[in-house]
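Next come the chains, spelled out residue by residue.
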Amino acid sequence: MELNTRTSKGKAKAMAKILEEEEEEDDDFFSSSGCGCFLCAIKEPDARLRRASLSAFFRELPYCEDDGGTGGGSNGQSCAAAVGAVWRAAMSAPDDPELPSLGAIRCMSLLLARALADAAWLRRGDNVYVPYYAAHVIGSYTIRSSAHAELAVAAGAVRPLLALLGGAMTWVEQRAAARALGHLASYEPTFPAVERHATEAVQLAVRSASTCIGDVYANFVTLAPSRRPKYQRDLMTFGLGGGADAEDRKAEEWASQLQCWSLYLLSCLASRDLSSH
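Predicted, not measured: the structure shown is a model, and the values here were computed from it.

Looking now at the overall build of the protein chain. Counting its secondary structure elements, the protein chain contains 15 helices and zero strands. Counting over 277 residues, the protein chain shows a buried share of 49%. By element, 53% of the accessible surface of the protein chain is carried by carbon and sulfur atoms, the whole surface being about 12,400 Å².

Time to look at the packing of helix H13 (residues 198–221) against helix H15 (residues 244–272). Between H13 and H15, the least distance of the axes is 8 Å, while the angle of their chain directions is 175°. The angle between the axes of H13 and H15 places the two elements in the roughly antiparallel class. Contacts between H13 and H15 involve Ala 201, Val 202, Ala 205, Val 206, Ser 208, Ala 209, Cys 212, Ile 213, Val 216, Phe 220 and Val 221 from the former and Glu 247, Asp 248, Ala 251, Ala 255, Ser 256, Leu 258, Gln 259, Ser 262, Leu 263, Leu 265, Leu 266 and Leu 269 from the latter. The class makeup of the residues in the contact of H13 with H15 is 17 nonpolar, four polar and two charged.

This part covers the pattern of salt bridges. Side chains that differ in charge, positive against negative, can pair when their charged atoms come close. Summed over all chains, the structure comprises eight salt bridges. In this structure, Glu 200 engages Arg 159 in a salt bridge whose closest nitrogen and oxygen atoms are separated by 2.7 Å. Here the residue Glu 200 occupies a position in helix H13, and Arg 159 occupies one in helix H10 (residues 158–165), the gap between them amounting to 41 residues. Among the ionic pairs, Arg 228 bridges to Glu 247, the shortest N-O distance being 2.8 Å. Separated by 19 residues along the polypeptide, Arg 228 in the loop between H13 and helix H14 (230–236) and Glu 247 in helix H15 bring together distant segments of the chain. The same class applies to Arg 228 and to Glu 247, which are both buried. Through salt bridges that share partners, Arg 228, Arg 233, Glu 247 and Asp 248 make up one connected network.

All right, on to the environment of Val 153 then. Topologically, Val 153 is positioned in helix H9 (residues 146–154). According to the relative accessible area criterion, Val 153 is partly exposed, its value standing at 24%. Each C-alpha atom, one on Val 153 and one on Pro 189, is 9.6 Å from the other, the two residues being 36 residues apart in sequence. Setting aside its immediate chain neighbours within four residues, Val 153 contacts Val 158, Thr 190 and Ala 193.

All right, on to the packing of H10 against helix H11 (residues 171–185) then. One can describe the packing of H10 onto H11 by two numbers: an axis separation of 8 Å at closest approach and a directional angle of 135°. Taken together, the axes of H10 and H11 lie oblique to each other. Considering how the two elements wind past one another, H10 and H11 form a crossing that is left-handed. Across the interface between the two elements, Val 158, Leu 161, Leu 162, Leu 164 and Leu 165 from H10 touch Glu 173, Gln 174, Ala 177, Ala 178, Ala 180, Leu 181 and Leu 184 from H11. Partitioning the contact of H10 with H11 into residue classes produces 10 nonpolar, one polar and one charged.

Here the focus is helix H3 (residues 47–60). Here H3 spans 20 Å end to end across 14 residues, near enough to the 20 Å set by a 1.5 Å rise per residue. Those residues of H3 lying buried are Arg 50, Leu 54, Ser 55, Ala 56, Phe 57 and Phe 58. Here H3 starts with a cap whose side-chain oxygen sits 3.0 Å from the backbone nitrogen of Arg 48, and that cap is Asp 46.

Chemically, a disulfide is nothing more than a covalent bond linking the sulfur atoms of two cysteines. Under the definition given, this model contains zero disulfides. Cys 79 supplies the cysteine sulfur nearest to Cys 107, a cysteine that is in no disulfide, at a spacing of 7.4 Å.

For the coordinates displayed, the defined rule picks out nine aromatic pairs. Taking the centre distance of 6.0 Å and the plane angle of 80° together, the rings of Tyr 129 and Tyr 231 count as edge-to-face. You can see Tyr 129 sitting in the loop between helix H7 (119–123) and helix H8 (130–141) and its partner Tyr 231 sitting in helix H14, a full 102 residues away along the chain. Given a relative accessible area of 6%, Tyr 129 falls into the buried group. Residue Tyr 231 is classed as buried on the basis of its relative accessible area, which comes to 10%. On the numbers, 6.0 Å between centres and 70° between planes, the contact of Trp 171 with Phe 220 is edge-to-face. You can see Trp 171 sitting in helix H11 and its partner Phe 220 sitting in helix H13, a full 49 residues away along the chain. Note on accessibility: Trp 171 and Phe 220 belong to one class, buried.

What counts, and where the lines are drawn
- Residues numbered from 1 in each chain as written.
- Predicted model: local features only at pLDDT ≥ 70, side-chain atom pairs only at ≥ 80, totals over all residues.
- Heavy atoms only, no water.
- Helix = DSSP H or I, 4+ residues; strand = E, 2+ residues; numbered from the N terminus.
- Buried < 20%, exposed > 50% of the residue type's maximum accessible area, 1.4 Å probe, protein only.
- Areas by Shrake-Rupley, 256 points an atom, 1.4 Å probe, with all protein chains shown as cover.
- Axes fitted to C-alpha atoms, helices over the stretch in contact; angles between N-to-C directions.
- Parallel < 35°, antiparallel > 145°, perpendicular 65-115°, else oblique.
- Contact = heavy atoms within 4.5 Å.
- Nonpolar A, V, L, I, M, F, W, Y, C, P; charged D, E, K, R; others polar.
- Salt bridge = Lys/Arg side-chain N within 4 Å of Asp/Glu carboxyl O.
- Left-handed = near helix turned anticlockwise from the far one by under 90°.
- Expected span 1.5 Å × (residues − 1).
- Polar contact = N/O pair within 3.5 Å; in protein donor to acceptor, adjacent residues only side chain to side chain.
- Disulfide = S-S within 2.5 Å.
- Phe/Tyr/Trp six-rings, centres within 6.5 Å; stacked < 30°, edge-to-face > 60°.

Right, here's the structure in full:
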């Protein structure tokens, strides 16, 4: 018991240290007090209290009415900043089961569904950042873990991810969705959940792989910097500094990744489902 307690305290300190260091390095909206509830919970050395706080955090976040600091369902924090903090945790430790077991993946799936269904909420404050990061949280936690993929399927993540792959938002969210869906389709236990939508998924992945380079060029690269969506510019230059040249390089990189991840999803479907040939 003492060893488990020490391990739990060490994990909490390590995760909090990673998140705090990244906050100090990047001067953006994630460094605001918006993700404070999440960071405070992560820092809690008592495993029982930490798990209870994180579980409550993930239960409440999808119903947050906040627009960036004016109050709401998650103790007045910015929903976007909170999801950004969870994304950092997922990127730093994708194999760690603690946050997924406490509802992180279900929370992200619910946020995706809300963003797709509630345009007014999506336009409010910084909420436009939420779908991109929520999809990437799912993609990060499922990159090597079939158990986490099963949590995503159980949370209903496939349907909203397919909507994003189909262009329900923009190519930026489409890229994150292609990555996550490829992971879900790659595991034996979760492949059937994607296979149920095989006809749609194949069509969407083929279209994405075929048209994404042109779409990114037309809808971002050819636009003057002042006409490019600010949140897309922020996402692409996160940690790199701004500037049109940096944005153009990142857009080219992301377009290539979107194409590769779409082809990977097709490969997963084709290798397991003969009807998709």
